[in-house]
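Here's the letter readout for the chains.
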Amino acid sequence: MFLSPAAAVLLLLPTALCFTSSPTSRNSVGNTVGLDNYSVNENASSTSSLIPELNDASRSISSNEQLLPSSPFGVIFDMDGTLIKHSINFAEMRQRIYEVVDADPIGKDLEKDCVLEMPQRLTEEGQRKCHEVFVDIEQRAVDNMQLQDGGAELVQFLIESGLKTAVLTRNMEKNVAHMMELYKNEMSINDDDVTIFEPIVARNTKANPDDDEPLKSKPNPDGILHICKLWGCEPSEVIFVGDSANDDMSAANRAGCGGAVLLQPGGCQLDTDSGYAVGDTEAEIMERTPSLCVESLSDLKLCIESVLDEQEKNGIVQSEVSGEEDSYVYSSGSFSVTIPSIGVKGV
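The rules behind the values
- Residues numbered from 1 in each chain as written.
- Predicted model: local features only at pLDDT ≥ 70, side-chain atom pairs only at ≥ 80, totals over all residues.
- Heavy atoms only, no water.
- Phe/Tyr/Trp six-rings, centres within 6.5 Å; stacked < 30°, edge-to-face > 60°.
- Helix = DSSP H or I, 4+ residues; strand = E, 2+ residues; numbered from the N terminus.
- Buried < 20%, exposed > 50% of the residue type's maximum accessible area, 1.4 Å probe, protein only.
- Lys NZ or Arg CZ within 6 Å of the ring centre and 35° of its normal.
- Core = buried A, V, L, I, M, F, W, Y, C linked by side-chain atoms within 4.5 Å.
- Contact = heavy atoms within 4.5 Å.
- Expected span 1.5 Å × (residues − 1).

Undergrad: Give a detailed account of the packing of aromatic side chains, specifying residues and quantitative values.
TA: Inspection of the entire model under this criterion finds three aromatic pairs. Considering the side-chain rings of Phe73 and Trp231, the 6.2 Å spacing of their centres and the 45° angle between planes classify their relative orientation as tilted. Highlighted residues: Phe73 in the segment before strand 1 (74–77) and Trp231 in helix 5 (residues 222–231), separated in sequence by 158 residues. Between the aromatic rings of Tyr183 and Phe197, the centroid separation amounts to 5.8 Å while the plane-to-plane angle is 85°, which identifies the pairing as edge-to-face. Taken together, the residues Tyr183 in helix 4 (residues 173–186) and Phe197 in the loop between helix 4 and strand 3 (200–201) connect sequence positions 14 residues apart. For Tyr183, a relative accessible area of 0% puts it in the buried group. Phe197 sits in the buried class, given a relative accessible area of 0%. Among the aromatic residues, ring-to-ring pairing joins Phe77, Tyr183 and Phe197 into one connected group. Over the aromatic face of Tyr98 sits the side chain of Lys112, whose NZ or CZ is 5.8 Å from the ring centroid. In this arrangement the basic side chain of Lys301 is found over the ring face of Phe157, its NZ or CZ atom lying 5.1 Å from the centre.

The following block contains the structure:
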């Protein structure tokens, strides 16, 4: 796949370290994205040391390496730090939840873990106090909620291009609804019945109304797989976008997403650590590795545009399964034809 010249702002990394880069260099055919310089941001989360490091600053990609699905079905977005600007104070959340845990008769003997999961193991009183902490911190974030730069333009472009859009977040459904209203206002959508993100999977979302428990939160891939099931597509046809290597990239890679895009505004990794331990084996590091890293949603829009332009140029609308036989649908604009892929490789 060739990236358009406009996509030179995109940063291809097998890393999620904070960095600053000089302008990317490209060859004459536009298929090389390289990093001339980068530096670690000392204000990054401490977990960044467990994320793969880019040792070869001249690393490039060849034209046959796939950054994103060649025929994307849809895009799943994280919310906090992705669709909206980073506003949840995770450092405060960890401190306050761990204080409740330490004071709880059951919690005092527990090893510190994810702040979103620990309350379930506490006494009823401990769970109540943790809930109050979450409500306080998340309500302040809602009160100060701001859309991510370039977000409305990207979502509008995806919808107009016929791609599905969904949200997978560890926040609550009611807060996602507030975020969606801000997006609809920015996009001048006044119809209350219009839903620009469908489905929305939050930490209190159940796969089925009769289920006892909600879907497991990221980095578990269940939310992504649930969305793909509702969409009727494979994870390999989906692009997942988030700002956390530990949560978002891990969930995307575990689910088998065709694209795992890490958003780092300004080239920096912000504190999104909910407190659980991350491993440093090669397999665990690769789980946290994005297929593409961008500094803005506008950059991502340019990249998806180049993918769709390439798709249109090749005349490939989609691949589909009919019974047990794979088939491909081609279109020239004036006609379309379905061709079985019997014995055909690399179509």
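The structure having been displayed, the exposition proceeds.
Undergrad: Lay out unusual backbone geometry with the relevant residues and their values.
TA: Look at the link from Glu198 to Pro199: it is a cis peptide, with omega at 5°. Locating Pro199 in the fold gives a position in the loop between helix 4 and strand 3. Cis geometry marks the peptide bond from Lys218 to Pro219; its omega dihedral reads 15°. With respect to the helices and strands, Pro219 occurs in the loop between strand 3 and helix 5. For Ser188, which is not glycine, the phi dihedral falls at a positive 60°. The residue Ser188 is located in the loop between helix 4 and strand 3 in this model.

Undergrad: Lay out the nonpolar core in plain terms, naming residues and giving numbers.
TA: Of all hydrophobic cores here, the largest spans 37 residues; its most connected members are Leu68, Met179, Tyr183, Phe197 and Ile304. Elements with a contribution of two residues or more to this core: strand 1, helix 3 (151–160), helix 4, strand 4 (238–242), strand 5 (259–263), strand 6 (292–294) and helix 8 (297–314). By residue number, the principal contributor to this core is helix 8, which donates six residues. For Leu68, the contacting residues outside a window of four places in its chain are Ile239, Gly258, Gly259, Val261, Leu292, Cys303, Ile304 and Val307. Within the second largest apolar cluster, 21 residues are counted, among which are Ile76, Leu215, Ala245 and Cys293.

Undergrad: Talk me through helix 4; I want residue IDs and the actual numbers.
TA: In a regular helix each residue adds 1.5 Å, so 14 residues correspond to 20 Å; helix 4 covers 20 Å between its end C-alpha atoms and thus fits that length. Buried residues belonging to helix 4 abut helix 2 (124–143), helix 3, strand 2 (164–168) and strand 3. Ser188 sits one or two positions beyond helix 4 and adopts a positive phi of about 60°.

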